[in-house]
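Structure at a glance
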Amino acid sequence: MKIRDYLKDHILLFDGGMGTCYAERSHQVGMNCELASLRQPELITQIHRDFLKAGCKAIKTNSFAANRMTFQGDETLVQKTIKAAWDLAETAAAEYDAFVFADIGPITISDAEEDIFEEYRFVTDLFLEYGAQNFLFETNASAEGLPQIAGYLKKKNPDAFIIVSFAVQADGFTRSGNHIGDLFDEMRRCPDVDSLGLNCICGTHHMLELIRGIDHAGICLSLMPNAGYPIVISNRTLYESDPVYYASQIRKMVAEGAAITGGCCGATPAYIEKIKEALSDPVGQKSRRTSPRGKQPAHEQVESRFWNKLQNGEKVIAVELDSPADASLDKFMKGARRLYEAGTDIITIADCPIARAHMDSSLLACKLQRELGKEALPHMTCRDRNLNASKALLLGLHAEGIRNILLVTGDPIPTAERDEVKSVYQFNSRKLASFVTSLGKTTLSSPFHLFGALNVNARNFESQLRFAREKQEKGIVGFLTQPILTPQAFENLKRARSELKNSYILGGVIPVVSARNARFMDSEISGIRVDARITELYEGKDREESEQLAVTISKEIMHKIEPFTDGYYLMTPFGRAELIAKIIRE
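Only a predicted model underlies this, so the values are computations on that prediction, with no experimental measurement involved.

Before going further, it helps to spend a moment on empty space enclosed by the protein. Overall, the coordinates contain 1 cavity of 30 Å³ or more when judged by the stated rule. For the largest cavity, the full set of lining residues is L485, V509, I510, P511, V512, Y538, A550, I553, S554 and I557. Looking at the lining of the largest cavity element by element, the count peaks at 4 residues for helix α21 (residues 543-561). The residue makeup of the lining of the largest cavity, split by class, is 9 nonpolar, 1 polar and no charged.

Rendered as structure tokens:
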């Protein structure tokens, strides 16, 4: 019987966690389970048979991490491992008239030049060569490469059955910051995928709640939860969920619309046996609930005058004021007051610029809004925050009334310090934008207005525009540019205005305060270029003359860029807030 015919009248029950069973039986901690298909084929075959005896109708090949990335480019080892995994699974399944699925885990690409589709293609071509008809792409954190490989597979084999499954935390977000509702919406537009689902990370309770909270109308749903949550004892990872309870929750998932189910980490044949028993009676699986039942947050409006001005077509003024590198706030708060009094609409605060520790930008933004009653726009970098830390910070900012954020990847820790201070980059700015956008849809009572950076001084401005368009797709609504101090930067700004439709652009302006300052910025500060003609104007000028020249040049730049911007992004040199205030007043 073909799998599509089987699904018309049956729930397809998969096996459980091969890695769990292998670790229990081999007592080898840390060994690559996939290589056991070559080194211990009898053990892998016995695990397959035990799952089949327990009642599953589909088994996964022991090939989850068999790819060139995991095997460090050893194509021969990948080929041998996949061939052995396929042969063992096919032999065991034939004894029980069961389906075999080529199991393909997430492929992590570390080099931007590498193509994730090509890595998937290499693995799937091997499985196709060996006779695979059914494919499971599981434990994914994003949809990258999946629509493309599904389309490729269907061209090679139109009868292929393809399941795509995502691994999400209890809050519905993957480790890459994608929400399961958004991932389902993206993948359901791919006609080549036969089934969508969830597996791993979550236990049965949270997976059930997640699927009740999202729209899965028209989806052949696959759900394979972990057997609870892991504990580590004597270097062994254990799962302690009761098999009877686990099976009762699976039964509820089927009632909610799951057509395909089974186990993931921690689920041994004993769990599959109990699921088989629980599904032996009718459970109303044909009801296929499709409407989300999760409670939607009440809509709360927090007024943002800065945002309203932008939407009304009024020019806005944002000023960046660096937070102190020590615990003294007097100069910062005094400067902020002067800037607001001069007409600044919002003060932006960098998040530890050039990877040097400064007072936290988010805490200062909240302080400005509470104590001065004025808006602030904190920068939020991807450096040194994982998903949980980012989410916790965003929830706090939202509670404090912050509604505008600038998202940037952030400078890495300087090389000489990396042995002592490690940088954490779970996101880039595009992924972080996607995460914050999804958070606004699923968790927050009102969304953040997300801004990004645009480097008009980049040597390859084409790539900057490509990144900017990707940011737009992820929820970025506006861009703050680097300082415009060269003719090329001005031309790049004009091009950005014409190509980045439906985005606000704030033109960057930084007062040059001396010839030495100009040469330093041009040579030492990433993203800033200063026209040599500007530098020459400062030669021989004293501080007072240089400051007046800075005001004059900054005003000229602001007038020049006015037709191509929605406002101005002024950067305060050396904390000289009065200089910026003078430029704004004039």
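Turning our attention to helix α5 (residues 75-96). In this model, α5 (22 residues) spans 32 Å end to end at C-alpha, consistent with the 32 Å of a helix rising 1.5 Å per residue. Where α5 is concerned, the buried positions are V78, T81, I82, A84, A85, W86, L88, A89, A92 and A93. Contact partners of the buried residues in α5: α3 (36-39), α4 (41-54), β2 (58-60), β3 (99-104) and α6 (116-130). Phi for D97, located one or two positions after α5, is positive at around 55 degrees.

Moving on: the nonpolar core. Counting residues in each nonpolar core, the largest one holds 92 residues, and the members touching the most others are L368, I405, L407 and L570. Broken down by element, the residue count for this core peaks at 7 residues, all from α21. Counting 83 residues, the second-largest nonpolar core is a separate cluster that includes W86, L126, F127 and L221.

For the rest of this paragraph, the subject is the sheet that holds strand β15 (residues 449-454). Spatial strand order, β11-β12-β13-β14-β15-β16-β17-β18: 8 strands in a closed barrel with parallel pairing. Strand after strand, the sheet turns through a mean of 25 degrees between neighbouring axes, direction not considered. Alignment of strand β13 (residues 376-381) against strand β14 (residues 404-408), held across 3 bridges, turns out to be parallel. Following the sheet pairing, H379 is matched in β14 by L406. The strands touched by helix α17 (residues 461-473) are β15 and β16 (476-483); relative to β16, the strand with the most contacts, the crossing angle is about 150 degrees.

This brings us to the state of the cysteines. Counted by the stated rule, this structure contains 0 disulfides. With no disulfide of its own, C190 lies 14 Å from the sulfur of C220, the closest cysteine sulfur.

A word on the packing of aromatic side chains. For the coordinates displayed, the defined rule picks out 13 aromatic pairs. On the numbers, 6.5 Å between centres and 80 degrees between planes, the contact of W307 with F451 is edge-to-face. Here F451 lies in strand β15 and W307 lies in helix α12 (residues 305-311), a separation of 144 residues in the sequence. Under the relative-accessibility criterion, W307 is labelled buried at 13%. When the ring of F490 is compared with that of F564, the centres are 5.7 Å apart and the planes differ by 75 degrees; the resulting orientation is edge-to-face. Residue F490 is located in helix α18 (residues 487-499), and its partner F564 is located in the loop between α21 and β18 (567-571); the two are separated by 74 residues in the primary sequence. According to the relative accessible area criterion, F490 is buried, its value standing at 10%. According to the relative accessible area criterion, F564 is partly exposed, its value standing at 23%. Through a chain of ring-to-ring contacts, three or more aromatic side chains come together here, namely F306, W307, F451 and Y504. R68 extends its terminal NZ or CZ atom over the ring of F122, reaching a point 4.1 Å from the ring centre.

Taking every second residue as pointing to the same face, both faces of strand β7 (residues 221-224) are buried, with L221 and L223 on one and S222 and M224 on the other. Bridge count for strand β6 (residues 195-199) against β7 is 4 bridges, and the pairing is parallel. Paired with N199 across the two strands is M224, which belongs to β7. For the handedness criterion, the β-α-β arrangement of β6, helix α9 (residues 204-212) and β7 is classed as right-handed. Sheet analysis places β7 next to strand β10 (residues 258-261), joined by 3 bridges and oriented parallel.

Here is what the cut-offs are and how they apply
Residues numbered from 1 in each chain as written. Predicted model: local features only at pLDDT ≥ 70, side-chain atom pairs only at ≥ 80, totals over all residues. Heavy atoms only, no water. 1 Å grid on protein atoms, 1.4 Å probe; cavity = no way out; pocket = protein on both sides within 12 Å on 5 of 7 lines; lining within 4 Å. Points joined across faces, edges and corners; volume = space filled by probe spheres on them. Helix = DSSP H or I, 4+ residues; strand = E, 2+ residues; numbered from the N terminus. Nonpolar A, V, L, I, M, F, W, Y, C, P; charged D, E, K, R; others polar. Expected span 1.5 Å × (residues − 1). Buried < 20%, exposed > 50% of the residue type's maximum accessible area, 1.4 Å probe, protein only. Contact = heavy atoms within 4.5 Å. Core = buried A, V, L, I, M, F, W, Y, C linked by side-chain atoms within 4.5 Å. Pairing = 2+ DSSP bridges. Axes fitted to C-alpha atoms, helices over the stretch in contact; angles between N-to-C directions. Disulfide = S-S within 2.5 Å. Phe/Tyr/Trp six-rings, centres within 6.5 Å; stacked < 30°, edge-to-face > 60°. Lys NZ or Arg CZ within 6 Å of the ring centre and 35° of its normal. Right-handed = clockwise from strand over helix to strand, strands pointing away.

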